[in-house]
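# Descriptive analysis of the structure
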Amino acid sequence: MTDPKVVEPWVAAPLKRLAEDARLISGVLLHPSGRAVGQFGFSNAADVMSICALTSAINASSRELGRQLHGKPFYEMHHAGGDRQVFMARCMAGAQEFLFVGVFDRESSLGLVEIYFAEFQKALEQLRPHAPEPAKPLPAGDFEGELNRSLDSLFGRIG
Amino acid sequence: MSVVNYSTREITCKIVYYGPGRSGKTTNLQQIYSQLPEERKGKMMSLATDTDRTLFFDFLPLDLGTISGFNTRFQLYTVPGQVYYAATRKLVLQGVDGVVFVADSQMRQLAENVESLQDLHENLAEDGFDPRTMPLVMQYNKRDLPPDELTPIDELDEKLNFRGVPFFPANAISGGGVFESLRSIASIVLARLSAPAAKS
């Protein structure tokens, strides 16, 4: 498989290992708000954004469903389709919560995915940065000019 | 907050269309979706009820192109406007970078607009955002309706726009004001990114 594409570099190695060990076809690690942290198996950024938005919504709904049905939130979901299966779960790294959604086929199994997902969680816990990286400003350059040209090309000139 | 990935040189920003029920938030996204070229947009998702009211959110990813060497992408969300979907609105607002407040210009909807704006402020504050500094533009929608049914722009602005943010009269069904609003919020959100220290 190709290396995962990540927003936060420290998740790259655990994601790669999870993908290989659990034989996942694709997967996305995200914040519960729907922001992608890392992914493998996707080539289209818009698809990743859509999956993150839906996963975030499913996570929120399933937690509430769990509370309604048996008083405790559901933190893990699994769908077994004919050819492909989807595994969705939360994981913690310190106080930081993440969601993961992964797809696998007959080359893997739910049990295998769960075993390596537990390893993945441990790796996140070990590797997590203990202080957030300070935000860096974007290079100034001709930022405003480029922004306006891009907006013009997308929306047309207005006003 | 915006995600800036320096290794892959990507920026991702989240814009939420907020406002009372039936003010035209979903119509805004449908207009944007219908007008943009295929290569600049993803699939539009609508999680709606069987009566076409937004149940969870509408979602549209779009590609703004390269700015300062960064591939820049926007995620456009709407929230369900109905009062009883408060928890969903709060969830969708998580990590927001900018808000387009879509007000319904009809006179009889004025109180709903005010209530929705207060709801926005409360939810932003609960999520740890300062409602006074969150990038915001106002859109006064449905200006195509008969004038005697409409609240004048000045009055809407006085009642809703106490921050004096950019505002746009709109008729989302035909597309009027839709791109102006999006362009304005995109510009404000990205301009903040270029000098976060100075603006925070």
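You'll find the structure just up there.
Residues numbered from 1 in each chain as written. Chains lettered and ligands numbered in written order. Predicted model: local features only at pLDDT ≥ 70, side-chain atom pairs only at ≥ 80, totals over all residues. Heavy atoms only, no water.

### Remarks on the overall build of chain B
- The helix and strand tally for chain B stands at six helices and eight strands.
- Of the regular secondary structure in chain B, the N- to C-terminal order runs β-β-α-β-β-β-α-β-α-β-α-β-α-α.
- Considering only C-alpha atoms, chain B reaches an extent of 55 × 35 × 30 Å along its principal axes.
- Across the 200 residues in chain B, those meeting the buried criterion constitute 58%.
- Of all intrachain contacts in chain B linking residues separated by at least 6 positions in sequence, the fraction that spans at least 24 positions is 69%.
- Here chain B displays about 8,400 Å² of accessible surface, and carbon together with sulfur accounts for 53% of that area.
- Here chain B carries 20 positive and 24 negative side-chain charges, and the mean point of each set is 6 Å from the other. (Helix = DSSP H or I, 4+ residues; strand = E, 2+ residues; numbered from the N terminus. Buried < 20%, exposed > 50% of the residue type's maximum accessible area, 1.4 Å probe, protein only. Contact = heavy atoms within 4.5 Å. Areas by Shrake-Rupley, 256 points an atom, 1.4 Å probe, with all protein chains shown as cover. Lys, Arg positive; Asp, Glu negative; His and termini not counted. Charge placed at Lys NZ, Arg CZ, Asp CG, Glu CD.)

### Focus on the pattern of salt bridges
- By the definition in use, this model includes 16 salt bridges over all chains.
- In this structure, the salt-bridge partner of K5(A) is E10(B), at a minimum N-O distance of 3.6 Å. Of this pair, K5(A) sits in strand β1 (residues 5-6) while E10(B) sits in strand β2 (residues 10-18), on two different chains.
- By relative accessible area, which is 15% here, E10(B) ends up buried.
- Of the charged contacts in the structure, one is a salt bridge between E119(A) and K122(A), with a shortest N-O distance of 3.7 Å. Of this pair, E119(A) and K122(A) both sit in helix α3 (residues 110-127), three residues apart, which is roughly one turn of that helix.
- Under the relative-accessibility criterion, E119(A) is labelled partly exposed at 38%.
- Given a relative accessible area of 52%, K122(A) falls into the exposed group.
- Shared partners join several salt bridges into a network, and the residues in it are D3(A), K16(A) and E20(A). (Salt bridge = Lys/Arg side-chain N within 4 Å of Asp/Glu carboxyl O.)

### What to know about the pairing of strand β5 (residues 70-78) of chain B
Residues and elements named next belong to chain B.
- With eight of nine residues buried, β5 lies mostly within the body of the structure.
- Strand direction decides the pairing type here: β2 and β5, joined by eight bridges, are parallel. Following the sheet pairing, K14 is matched in β5 by Q75.
- Sheet topology note: the strand β4 (residues 54-67)/β5 ladder contains eight bridges and is antiparallel. By the bridge assignment, L62 is partnered in β5 with F74.
- Where β4 folds back onto β5 in an antiparallel hairpin, the turn is made up of two residues, including S68, whose phi is positive at roughly 50°. (Pairing = 2+ DSSP bridges.)

### Here we look at the sheet that holds strand β3 (residues 36-40) of chain A
Residue and element names in this part refer to chain A.
- Taken in spatial order, the six strands make up an open sheet running β1-β3-β2-β6-β5-β4, and their pairing is antiparallel. At either end of the open sheet lies a strand with only one pairing partner, and these are β1 and β4 (76-80).
- With four bridges connecting them, strand β2 (residues 26-30) and β3 associate as antiparallel partners. Each residue of the ladder has a partner; that of G27, found in β3, is F40.
- On the sheet, α3 packs against β2, β4, β5 (85-93) and β6 (96-104) and is oriented at approximately 20° with respect to β5. (Axes fitted to C-alpha atoms, helices over the stretch in contact; angles between N-to-C directions.)

### Considerations on the packing of aromatic side chains
- Across all of its chains, the model carries eight aromatic pairs over all chains by this definition.
- Relative to F120(A), the ring of F117(A) lies with its centre 5.9 Å away and its plane at 35°, an arrangement referred to as tilted. Taken as a pair, F117(A) and F120(A) lie in helix α3 at a separation of three residues, close to a single helical turn.
- The interplanar angle of 75° and the centroid separation of 5.3 Å between the aromatic rings of F57(B) and Y77(B) together place this pair among those described as edge-to-face. Taken together, the residues span a long stretch of sequence, with F57(B) in strand β4 and Y77(B) in strand β5 at a distance of 20 residues.
- These aromatic residues form a ring-pair network of at least three members: F87(A), F100(A), F117(A) and F120(A).
- Sitting above the plane of the Y75(A) ring, R90(A) keeps its charged end 3.7 Å from the centroid.
- Its guanidinium or amino end placed over the ring of Y77(B), K14(B) lies 4.6 Å from that ring's centre, counting from NZ or CZ. (Phe/Tyr/Trp six-rings, centres within 6.5 Å; stacked < 30°, edge-to-face > 60°. Lys NZ or Arg CZ within 6 Å of the ring centre and 35° of its normal.)

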